[in-house]
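Survey of secondary and tertiary structure
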Amino acid sequence: NGGGGGATGTTALEGTITISGSSTVQPITSLVAELFNEDVSDGVAFTVDGPGTSDGFVLFCDGETDIQDASRPIEQEEIDACSANGVEYIELAVAFDGITVMTNPANADVTCLNHGDLYALFGPESNGIDTWDGADALANEVGGTDGFPSAPLEITAPGEESGTYDAFIDLSGIEDIALEQGVPEDEAAALRTDYQPSPDDNVIISAMEGSDSPLGFVGFAFAEGAGDQVKILEVDGGDGCVAPGRDTIADGSYPLSRTLYIYVNKGKLAESPALQAYVDYYLTDT
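Attention now moves to the pairing of strand β2 (residues 44-48). Relative to β2, strand β1 (residues 15-21) is paired through 5 bridges, and the arrangement is parallel. Residue pairing across strands places Thr-18 opposite Thr-47, the latter belonging to β2. On the question of chirality, the crossover connecting β1 to the parallel β2 by way of helix α1 (residues 26-39) is right-handed.

Structural data, given as structure tokens:
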């Protein structure tokens, strides 16, 4: 889904639309805003920011933004915050994405990771593991494939403010494995704490180019856009290794596939014809 193909030349609409949230959804929302200005009205000003899904929900539930971009569904504490502030909203699914695990093309020995491998490399028991083969023992313990190369392990990935962080933990099975391993419940839904977090997907992409054996993950569009500067890894969710791609993400066969959302403030929607027109345009199939 996405914007496109509306009536052109309407100039009666005016106002400002403020959008925040997911850095993964931000490029989609920004493009739809640009197309809306071209096709529908250039009298509407847009502010689109991407600090992360969690940080965006703080602003949204305080009533500071019109639309919340989200790379995961709203969580209960956010529902409660919106309710406490009288913010009613509409949840709209706008796209599919696949969280894409990457390394550098020089890291030839790594091509596919299963859930046990992902846990051994990224999970809460992985602190202090600073080489790929240093994760072998833990991987073997939790059903991974082990046999990792003897190379430095430098991880750069989204931090806790990102919906991609939460979605990765959920989709990769890290929390479930951690609980099976006896990790305390309040520590299980988390990644290791000794990696380099960044809210900027471009910083994560750059880190994949900075050494021969890095590791990280971003939304598929960012990894695809990096071309041959990064090596996209396949993921085995139990049915064999699957590479992320438009088809495998859309049909859900890629194990780290997810839905992307926008949340629209109902009160602001009722008061703003410009916001109504933008949301309608966003949901128009190209």
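Now that the structure is up, let's keep going.
This part takes up the pattern of salt bridges. In this structure the tally under the stated criterion is 8 salt bridges. Residue Lys-268 pairs with Asp-66 through a salt bridge whose shortest N-O separation is 4.0 Å. Of this pair, Lys-268 sits in helix α12 (residues 266-271) while Asp-66 sits in the loop between α2 (53-61) and β3 (67-70), placing them 202 residues apart in sequence. What makes Asp-66 buried here is its relative accessible area of 11%. Glu-224 is the partner of Arg-246 in a salt bridge, and the nearest nitrogen-oxygen pair spans 2.9 Å. In this pair, Arg-246 sits in helix α11 (residues 246-250) while Glu-224 sits in helix α10 (residues 220-225), placing the two residues 22 residues apart along the sequence.

In terms of nonpolar packing, the biggest core is built from 41 residues, with Val-101, Leu-121, Phe-122, Phe-168, Leu-191 and Leu-215 touching the most fellow members. Elements that contribute at least two residues to this core include exactly β4 (89-103), α4 (115-122), α5 (136-141), β6 (154-157), α6 (163-171), α7 (174-180) and β8 (214-219). Tallying contributions element by element places α4 first for this core, with 5 residues. When sequence neighbours within four positions are dropped, the list of residues in contact with Leu-215 reads Val-101, Met-102, Leu-121, Phe-122, Trp-132, Leu-153, Glu-154, Ile-155, Thr-156, Met-208 and Leu-233. Grouped together as the second largest cluster of nonpolar side chains are 24 residues, Val-32, Val-44, Ala-274 and Tyr-281 included.

So, about helix α13 (residues 273-282). Within α13, the full set of buried residues consists of Ala-274, Leu-275, Tyr-278, Val-279, Tyr-281 and Tyr-282. Take α13 and look down its axis: the buried residues cluster within an arc of 160 degrees, on one side only. More than 90 degrees from the buried face of α13, the exposed residues found are Pro-273 and Asp-280.

Where α1 contacts α13, the two axes come as close as 10 Å, and the packing angle between them is 115 degrees. As the angle between them shows, α1 and α13 are arranged roughly perpendicular. Crossing hand, α1 versus α13: right-handed. On α13, the residues that touch Ile-28, Thr-29, Val-32, Ala-33, Leu-35, Phe-36 and Asp-39 of α1 are Ala-274, Ala-277, Tyr-278, Tyr-281 and Tyr-282. When the residues that make up the contact of α1 with α13 are grouped by side-chain class, the tally is 10 nonpolar, 1 polar and 1 charged.

Scoring rules and cut-offs
Counting from 1, residues in each chain are numbered in the order their sequence is written. Under the rules for a predicted model, residues below a pLDDT of 70 receive no local features and side-chain atom pairs below 80 are neither given nor counted, while totals for whole chains, interfaces and linings still include all residues. Each side-chain value is worked out from all heavy atoms of the structure, with water and hydrogens disregarded. Note on pairing: two strands pair once DSSP finds at least 2 bridges between them. Helix and strand definitions follow DSSP, with helices as H or I runs of at least four residues and strands as E runs of at least two, each counted in order from the N terminus. Handedness rule for crossovers: strands pointing away from the viewer, path from the first strand over the helix to the second running clockwise, crossover right-handed. Only one rule defines a salt bridge in this text: a Lys or Arg side-chain nitrogen within 4 Å of an Asp or Glu carboxyl oxygen. When accessible area is computed with a 1.4 Å probe and restricted to protein chains, residues below 20% of their type maximum are described as buried, those above 50% as exposed, and intermediate ones as partly exposed. Each nonpolar core is a collection of buried residues, namely Ala, Val, Leu, Ile, Met, Phe, Trp, Tyr and Cys, held together in the definition by side-chain atoms within 4.5 Å. We call two residues in contact when some of their heavy atoms are within 4.5 Å. This arc is taken over the directions from the axis of the helix to the C-beta atoms. Under this scheme, a helix contributes an axis fitted over its contacting stretch, all axes are lines through C-alpha atoms, and angles between N-to-C directions fall in the 0 to 180 degree range. Any angle from 65 to 115 degrees is called roughly perpendicular, while one under 35 is roughly parallel, one over 145 is roughly antiparallel, and all others are oblique. By definition, turning the near helix anticlockwise from the far helix through less than a right angle yields a left-handed crossing, and turning it clockwise yields a right-handed one. In this classification, Asp, Glu, Lys and Arg are treated as charged, Ala, Val, Leu, Ile, Met, Phe, Trp, Tyr, Cys and Pro as nonpolar, and every other residue, Gly included, as polar.

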